[in-house]
Amino acid sequence: MEIKEVYKYGHQKVLESLDVNNKKGLSQSEAEQRLEEYGPNTLKRGSQVSPWDIFISQFKNIIVILLIIASSISFFIGDTIEGIAILAVIIINALFGFITEYRAEKSVEELKKMVTTQAKVLRNGKIKEIDSKNVVPGDILIIEEGDRVTADGRLIEADNLALDESALTGESEPVSKHTDKIEEDVPIADTKNMIYMGTAVTRGNGVAVITDTGNNTQMGEISNLLSETKDEKTPLEEKLDQLGKSLIVITLVLAGVVSLLGIINGRDIIEMLKTGIALAIAAVPEGLPAIATITLAIGMRIMAKNNALVKSLPAVETLGSTTVICTDKTGTLTENQMTVNKIYLNDKNIKVTGTGYKPEGEFKENNKVLDVDNNEDLQLFLKAATLSSNAAISQEDDLWKVVGDPTEGALVTAANKANISKVEMEEKDYNRMDEIPFTSEKKFMAVSYIEPEDKEYIYFKGAPNVVLDKCDKYLNNNTIEDLNQKTKEKFADINHKMGREGLRVLGVAYKEKEKDDINEDIEENLIFLGFAGIMDPPRSDVKESIATAKKAGVRTIMITGDQSDTAYAIGKMVGIGDDTQKPITGSQLKEYNLKELEEKIRNNSIFARVSPKDKLDIIDALNGNNEVTAMTGDGVNDAPALKKADIGVSMGQRGTAVAKEASDMVLLDDRFGTIVDAIKQGRVIFDNIQKFIHFLFSCNLSEILFIFLGILFQLPTPLLALQILWLNLVTDVFPALVMAWEEPEANIMNKPPRDPDKAILTNKFKIKIGIQGFILTLGPLLTYMYALNNFSLLESRTIGFMALAFVQLFHVFNVRRKNGLGFDKTLLKNKYLWGAIVITVLLQLIAVYTPLLQSIIHTTSLSLNMWYIVILGAIGPVLLIQIYSFIRYRLKTR
């Protein structure tokens, strides 16, 4: 295709540029040649992450690299058992990470599946049905109601044609099409002389010349955006990365200082190398990657039980630091089902309850339920509305769907709520005699029916101004009155008022048939019945969920392809934006550079008529403002932004397969409120991650200080490398792991989101870990010093090893509550905690009483009097920390 922006040209010009005759189409040989030139009409496969790449990535973790270095040194100095033990730890961690992180990237593949359909094209002057992958630029495509469009094209003919483009643009209403050229620049949603791959024909039929196929289509551009959009690291991944890098510095400095100190004091170089390795192992929390992964996986299971299926582990925590939810309107905030919300019958504003196409609801005036059977005006209005519609509603399982135009489906549903069924009427001798189909030019539809009493009536619906112009009478309390100019103006004002409420307004009229030609008959004596206000209504729980999010410091932004007025009205209903904010449109967005958009987005929460590229720009602007962004959506058009955002959230019931695969989380119940629940759980998970980091780091610090102070005081090395590895990977893991099941802290959703730039280890947190780590060291160190004067070195080391193991185990009660004591009413709610304590005690006993482990980690059996020393050294530091916490808590709560 040589010309760009095809919609700006007449279709004849487009046909000439593609060298095709619209009456004959391409010849078979020309089609084959173009297929060779342009390639098949399919979406290219995106780059795939191989299982091997995922496995290798497990070894790129800083902590794993440190362990590999420690293992290499162990082999170098002849400690083969130690080297093998460390390698085993590395491999187990890598296998676990590989299993939990391995998931296929299917976004582009799902897009490809979506368009493998049949297409009717003109070849050699004959209509042929071919596989859609063989459609080429220049093909003459024939479409009719119910067809899915298989490629992008410029319309040549459009007979009452309308398409559902919601999956591409986000606009809920079908778009009426025409063949005229459009001279000004317009967004995709307004290119009404074009058709696009993946959209569906809801009304009429048409003929188009194909302009783009495969990845050159609008759907293909979305596919390209998906493959080009890189998954960025989540805040937790970045912070754990920073933590790992900090550990390198700490480890090297500690190992170097202690080794140098020992050599200066005349200790054996090999002995000091072993001590350096021991310190390096003590400084590195080997269990951190595994426990972080397991904790996130546990959070994932908890969320799944609450209808939030999270697909990537770090996304679980990132939800807790979310500051902005960017949500699509159609199908996310709203039902994605057009509904008659209001009916106006001459000074009577009737509210219609119920949403979607389920024919259940009531008609209320001033909050009082109307008896439709005794309201002839309302009965006639609903009868006229449903008979002048071609749509039908049907039930599939528990879901009601519309066949045909969604707006007409809303009218049919409203009538069925009053037990007025078009299907039943037609079965009872209501015979349609004539029809003037709706067109975008005429903006009305009229039908005539012969009814059981052998009278023929015309029922008429359309744009309010068109209907009013053709009416010279109106129905008022079952009385027909003249429609004068003043009354027309009153009705016109009502129409505008309903429009400002975000309603799509249709006028309804009728008359008894007077002339043979229906086209002539509708020009006079039409009787105006009233207005139907139709909208895609907000989901029932959305407003409350948005308010809860706001209370938690999470802002909600609406990003939609729909009209500005509709977006504004829905925003007002659910609590997004305020009266001073007008929606920013896609065309306005194009005028802003990134810095300007960053500023605008701080004060604007509604964006309308946006394209997929606009959504990515908005996400970039939010990232520029250091926001942690969750993007929700269900359509194909949402997929690139879902992937670009920190957290992509798709709808499980109504969402497209593409959106689900591009997202990090799928809402199984499609409730916006489930996002807020997931944000709460994300916060709980981060709190619990901080708790196990607090536990692991204070325990590891106690090991470092135990060794460091032992050497400083000229004592034999208190712990050996494999003893430290045992403590880090066996003794510490289970108590740290059960932090994942800790109960939420009070008022967790009454505080603002965690600052994404804030380190996991804040200065205050470091001081707390430092003080507690030092206190934990005192008991085992004093125990070890006492034992050296009374027992052998092997026994003394075992006593120090056990005292350190138990003081670390009991330390879990110090860290399980961020505020207050660990011994509170929530203690019994975490049943896994007591299991972890029992398992850890048993493992420690196995470590000192089984010959195999005695020989591997260099321990010996302890007598009863030795156990008194161990218990005293373990309980003392824990009591000191509990007393300090109690005093601090009492002072805080005064």
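Since this is a predicted model, take the numbers as computed values, not measurements.

Brief notes about the overall build of the protein
And then number 1: Scanning the protein from N- to C-terminus turns up 35 helices and 28 strands.
And then number 2: Carbon and sulfur atoms provide 53% of the accessible area of the protein, an area that totals close to 38300 Å².

Some words on the packing of aromatic side chains
And then number 1: Considering all chains together, one arrives at 13 aromatic pairs under this definition.
And then number 2: On the basis of an interplanar angle of 40 degrees and a centroid distance of 6.1 Å, the ring pair of Phe-806 and Phe-810 is categorised as tilted. Here Phe-806 pairs with Phe-810, and both are found in helix H31 (residues 793-810), just 4 residues apart, close to one helical turn.
And then number 3: Given a relative accessible area of 23%, Phe-810 falls into the partly exposed group.

Some thoughts on the nonpolar core
In a soluble, globular protein the nonpolar side chains are often hidden away together inside.
And then number 1: Within the largest apolar cluster, 133 residues are counted, with the highest numbers of intra-cluster contacts made by Ile-522, Phe-531 and Phe-801.
And then number 2: Looking at which element gives the most residues to this core, the answer is helix H27 (residues 672-712), with 20 residues.
And then number 3: Ranked by size, the runner-up nonpolar core spans 41 residues in total, among them Phe-363, Leu-370, Leu-378 and Val-447.

Re a negative patch on the surface
And then number 1: Together, Asp-429, Glu-453, Asp-454 and Glu-512 make up a region of like negative charge exposed at the surface.
And then number 2: The residue Asp-429 is located in the loop between helix H16 (422-427) and strand S16 (431-436) in this model.
And then number 3: The exposed category is assigned to Asp-429, whose relative accessible area is 51%.

Digging into a nonpolar patch on the surface
And then number 1: The grouping of Ile-65, Ile-69, Ile-73, Ile-263, Ile-269, Ile-270 and Leu-273 at the surface amounts to a nonpolar patch, some 540 Å² of accessible area in total.
And then number 2: Every element with two or more residues in the nonpolar patch is listed here: helix H4 (62-76) and helix H10 (269-283).
And then number 3: Positionally, Ile-269 belongs in helix H10.

Digging into unusual backbone geometry
And then number 1: The backbone phi angle of Asn-626 is positive, close to 60 degrees, even though this residue is not glycine.
And then number 2: Inspection of the secondary structure assignment puts Asn-626 in the loop between helix H24 (612-624) and strand S26 (629-633).
And then number 3: Classification of Asn-626 by relative accessible area gives partly exposed; the value is 48%.
And then number 4: Despite not being glycine, Gln-714 has its phi angle at roughly 65 degrees, a positive value.

A short note on the pattern of salt bridges
And then number 1: If you walk through the whole model with that rule in mind, you get 28 salt bridges.
And then number 2: Here Glu-144 ties to Lys-120 by a salt bridge, and the two come within 3.9 Å at their closest N and O atoms. With Glu-144 in strand S3 (residues 140-144) and Lys-120 in strand S1 (residues 118-123), this pair connects stretches of sequence that are 24 residues apart.
And then number 3: Taken together, the salt bridges that share partners define one network made up of Asp-541, Asp-669, Arg-671 and Asp-677.

Let's talk about the sheet that holds strand S23 (residues 555-559)
And then number 1: Spatial ordering of the open sheet is given by S8-S28-S27-S26-S9-S23-S25-S24, a layout of 8 strands whose pairing is mixed. Taken across any chain shown, the strands that pair with only one partner, and hence form the sheet edges, are strand S8 (308-310) and strand S24 (584-585).
And then number 2: Sheet topology places S26 next to strand S27 (residues 647-651); 4 bridges connect them, and they run parallel. Counterpart to Thr-632 in the pairing with S27 is Val-649.
And then number 3: Against the sheet, H24 touches strand S9 (324-327), S23, strand S25 (606-608) and S26, its axis set at about 160 degrees to S26.

So, the environment of Val-403
And then number 1: Assignment of secondary structure puts Val-403 in strand S15 (residues 399-403).
And then number 2: Taking C-alpha positions, Val-403 is 5.7 Å from Ala-391, a pair spaced 12 residues apart along the chain.
And then number 3: Other than its neighbours up to four places away in sequence, Val-403 contacts Ala-391, Ala-392 and Ser-394.

A short note on helix H21 (residues 564-574)
And then number 1: Those residues of H21 that sit buried are Thr-566, Ala-567, Tyr-568, Ala-569, Ile-570, Gly-571 and Val-574.
And then number 2: Buried residues along H21 sit against helix H13 (329-333), helix H18 (485-500), strand S22 (526-535), helix H20 (542-551), S23 and S25.
And then number 3: Count one or two residues on from H21 and you reach Gly-575, which has phi positive near 95 degrees.

Re the side chain of Asp-669
And then number 1: Here Asp-669 lies in the loop between strand S28 (665-667) and H27.
And then number 2: Looking at Asp-669, its side chain comes within polar contact range of the side chain of Asn-307, at 3.5 Å.
And then number 3: Leave out the neighbours within four places in its chain, and Asp-669 touches Asn-307, Gln-653 and Thr-674.

Calculation rules
- Residues numbered from 1 in each chain as written.
- Predicted model: local features only at pLDDT ≥ 70, side-chain atom pairs only at ≥ 80, totals over all residues.
- Heavy atoms only, no water.
- Helix = DSSP H or I, 4+ residues; strand = E, 2+ residues; numbered from the N terminus.
- Areas by Shrake-Rupley, 256 points an atom, 1.4 Å probe, with all protein chains shown as cover.
- Phe/Tyr/Trp six-rings, centres within 6.5 Å; stacked < 30°, edge-to-face > 60°.
- Buried < 20%, exposed > 50% of the residue type's maximum accessible area, 1.4 Å probe, protein only.
- Core = buried A, V, L, I, M, F, W, Y, C linked by side-chain atoms within 4.5 Å.
- Patch = residues over 30% accessible without salt bridge, like charges linked within 9 Å, V, L, I, M, F, W, Y side chains within 5 Å.
- Salt bridge = Lys/Arg side-chain N within 4 Å of Asp/Glu carboxyl O.
- Lys, Arg positive; Asp, Glu negative; His and termini not counted.
- Charge placed at Lys NZ, Arg CZ, Asp CG, Glu CD.
- Pairing = 2+ DSSP bridges.
- Contact = heavy atoms within 4.5 Å.
- Axes fitted to C-alpha atoms, helices over the stretch in contact; angles between N-to-C directions.
- Polar contact = N/O pair within 3.5 Å; in protein donor to acceptor, adjacent residues only side chain to side chain.

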